[in-house]
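# What the coordinates show
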Amino acid sequence: MSLARNVFVQSSWTLTSRILGFARDALIFARLGAGPVNDAFITAQQFPNLFRRLLAEGAFAQAFVPLYSKTLSEDGEGAAADMASETLSMLFTTTILLSVVAQLAMPWIMLLLQGGYRDNADIFQLSILLGQITMPYLVGMALSALFAGVLNSAGRFALSAAAPTVLNICLISAALYFSEPLDVAMACSTAIVISGLLQAGLLLWGVKRQGVNL
């Protein structure tokens, strides 16, 4: 029954996230159109999303969860919490430094990602600015991956499954509030960062409820 319940919870939240994601994409595309502002917004998400997949959803998640679960079962909750706390400090410091370096290097990064607009100063500068705004999203996602791993190891799946819907809600809200393409692009880029912080905060709250002090 527990397995069936967990599958239902994960599936329900995943379906909800996909429906909201479709509504988000349709709304943002309607607001931005198919022009250069939309290109700048999409490109600005590529670099933080690349590192999100590598750090938050890739190697880190695959390495942390088994190690945390093993420490929890063999050495107890205290040792597992200490290990998670040390990992949290390392992960937070690494992603902050990476975000700062990427923000400083964004003009050169955009030459690779958005080189076709380098002769269009307004759009190219917009791409750089949006990329700098969205880069801290990586920090929130990396911390969210750690907190989700702690929750999943304890058999708590609801919050980690529900957390991705926060991104869609933030973006839909931003796109509904503004109508001008430039305003929408700026607001949605900011909403991405806010959603990352909200997801991390939500999952941290869940971790604290489990009695894990990081």
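Presented here is an overview of the structure given in this document. (Residues numbered from 1 in each chain as written. Predicted model: local features only at pLDDT ≥ 70, side-chain atom pairs only at ≥ 80, totals over all residues. Heavy atoms only, no water.)

### Description of the overall build of the protein chain
What counts here: Helix and strand assignments follow DSSP, with helices taken as H or I runs no shorter than four residues and strands as E runs no shorter than two, numbered in order from the N terminus. We compute the radius of gyration over the C-alpha atoms and compare it with the globule rule, which gives 2.2 Å times the number of residues raised to the power 0.38. Relative accessibility under 20% of the residue-type maximum defines a buried residue, over 50% an exposed one, and the middle range a partly exposed one, all with a 1.4 Å probe and only protein chains included. Should any heavy atoms of two residues lie within 4.5 Å, those residues are considered in contact. Surface exposure here means Shrake-Rupley accessible area, sampled with a 1.4 Å probe, where a residue is shielded only by the protein chains that are shown. Charge counting treats Lys and Arg as positive and Asp and Glu as negative, with His and both chain ends excluded. In this description, the location of a charge corresponds to atom NZ of lysine, CZ of arginine, CG of aspartate or CD of glutamate.
Helix and strand counts for the protein chain come out as 10 helices and zero strands. When the helices and strands of the protein chain are listed from N to C terminus, the series reads α-α-α-α-α-α-α-α-α-α. Taking 214 residues into account, the globule formula puts the C-alpha radius of gyration at 17 Å, and the protein chain, at 19 Å, falls close to it. Residues classed as buried in the protein chain amount to 43% of the 214 residues present. Of the contacts formed within the protein chain by residues at least 6 apart in sequence, a portion of 80% connects residues at least 24 apart. With an accessible surface of roughly 11,100 Å², the protein chain has 65% of that area assigned to carbon and sulfur atoms. Seen as two clouds, the 11 positive and the 12 negative side-chain charges of the protein chain have centres 8 Å apart.

### A word on the packing of helix α6 (residues 121–134) against helix α10 (residues 181–209)
For clarity, the cut-off: Convention adopted: a line fitted to C-alpha atoms gives each axis, helices being fitted over their contacting stretch, and angles between N-to-C directions are expressed from 0 to 180 degrees. We call two directions roughly parallel when the angle between them is under 35 degrees, roughly antiparallel when it is over 145, roughly perpendicular when it lies between 65 and 115, and oblique otherwise. Helix crossings are classified by the rotation of the near helix relative to the far one: an anticlockwise turn of less than a right angle makes the crossing left-handed, while a clockwise turn makes it right-handed. For this classification, Asp, Glu, Lys and Arg are treated as charged, while Ala, Val, Leu, Ile, Met, Phe, Trp, Tyr, Cys and Pro are nonpolar and the rest, including Gly, are polar.
For the pair α6 and α10, the least separation of the axes is 8 Å and the interaxial angle reads 25°. Here α6 lies roughly parallel to α10, going by the angle between them. By crossing handedness, the relation of α6 to α10 is classed as right-handed. Contacts between α6 and α10 involve Leu126, Leu129, Leu130, Ile133 and Thr134 from the former and Leu182, Ala185, Met186, Ser189, Thr190, Ile192 and Val193 from the latter. In terms of residue class, the contact of α6 with α10 is made up of nine nonpolar, three polar and no charged.

### As for a nonpolar patch on the surface
Applicable threshold: Patch membership needs two things, relative accessible area over 30% and no salt bridge, and members are linked within 9 Å if like-charged or within 5 Å if nonpolar (Val, Leu, Ile, Met, Phe, Trp, Tyr). Salt bridges are identified by distance alone: a Lys or Arg side-chain nitrogen within 4 Å of an Asp or Glu carboxyl oxygen.
Residues Phe92, Ile96, Val100 and Leu104 make up a contiguous nonpolar surface patch of roughly 360 Å² in combined accessible area. Counting through the fold element by element, Val100 comes out in helix α4 (residues 77–104). Judged by relative accessible area, which is 40%, Val100 ranks as partly exposed.

### Concerning the nonpolar core
Note the threshold: The criterion is simple. A nonpolar core is a set of buried Ala, Val, Leu, Ile, Met, Phe, Trp, Tyr and Cys residues joined through side-chain atoms within 4.5 Å.
Grouped together as the largest cluster of nonpolar side chains are 25 residues, with contacts concentrated most on Ile28, Leu32, Phe41, Leu130, Leu171 and Cys188. Mapped by element, the contributors of at least two residues to this core are α1 (2–32), α2 (36–56), α6, α7 (137–153), α9 (164–177) and α10. Per-element accounting of this core gives the leading share, seven residues, to α9. Apart from residues lying up to four places away in sequence, Leu171 is in contact with Arg24, Ile28, Phe41, Cys188, Ala191 and Ile192. Judged by nonpolar contacts, the second largest core, of 23 residues, contains Phe64, Ala81, Val150 and Val212.

### Points about the environment of Asp122
Its location among the elements puts Asp122 in helix α6. Remark: the alpha-carbon pair of Asp122 and Leu97, spanning 25 residues in sequence, is separated by 28 Å.

### Notes on the pattern of salt bridges
For the coordinates displayed, the defined rule picks out one salt bridge. Its salt-bridge partner being Asp25, residue Arg24 comes within 2.9 Å of it at the nearest N-O pair. Classification of Arg24 as buried rests on a relative accessible area of 17%.

In short, shape yes, function no, at least from these values alone.
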